[in-house]
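These are the residues of each chain, in order.
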Amino acid sequence: SDICWSPDGRYIASASDDNDVFVWEIPSMPEETADSIMVVREPLLRLGGHTNYVFCIAWGLTGGVLASGSFDESIRLWDV
């Protein structure tokens, strides 16, 4: 439903209809392979707790907190 980059550009958070928030680490690439496609298959973190689909997420300014909003009428703050 939503994705957002962390302030330092090292992570992507994703929100989805399965009620979870996932944090994905973006691997660093050597200069010579910068044109290659990166594939990340496993999330670094799975944040569960919402009881309905998650439709929005946003990182805090320093990247230590992730906020998620859900159709369960709650907003959660995650210490990531």
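It should be noted that the structure appears before, not after, this text.
Model, not experiment: these values are computed from the prediction.

A. The sheet that holds strand β7 (residues 75-79), seen in detail. One open sheet holds the 3 strands; their spatial order is β5-β6-β7, and the pairing between them is antiparallel. Looking along the sheet, the strands with just one partner apiece sit at the ends: β5 (54-59) and β7. When strand polarity is set aside, the average angle formed by the axes of neighbouring strands in this sheet is 20°. Across 5 bridges, the pairing between β5 and strand β6 (residues 65-70) is antiparallel. Looking across to β6, one finds that W59 is bridged to L66.

B. Up close: the environment of A67. Note that A67 resides in strand β6. Note on A67: relative accessible area 22%, which makes it partly exposed. Placed 11 residues apart in sequence, A67 and C56 show a C-alpha to C-alpha distance of 8.2 Å.

C. Fine view of unusual backbone geometry. For N19, which is not glycine, the phi dihedral falls at a positive 75°. The topology assignment puts N19 in the loop between β2 (11-15) and β3 (21-25). Take N19: its relative accessible area is 22%, and that puts it in the partly exposed class. A positive phi angle, close to 70°, is found at E73, a residue other than glycine. Structurally, the position occupied by E73 is in the loop between β6 and β7. By relative accessible area, which is 78% here, E73 ends up exposed.

So, how was this worked out
Residues numbered from 1 in each chain as written. Predicted model: local features only at pLDDT ≥ 70, side-chain atom pairs only at ≥ 80, totals over all residues. Heavy atoms only, no water. Pairing = 2+ DSSP bridges. Helix = DSSP H or I, 4+ residues; strand = E, 2+ residues; numbered from the N terminus. Axes fitted to C-alpha atoms, helices over the stretch in contact; angles between N-to-C directions. Buried < 20%, exposed > 50% of the residue type's maximum accessible area, 1.4 Å probe, protein only.

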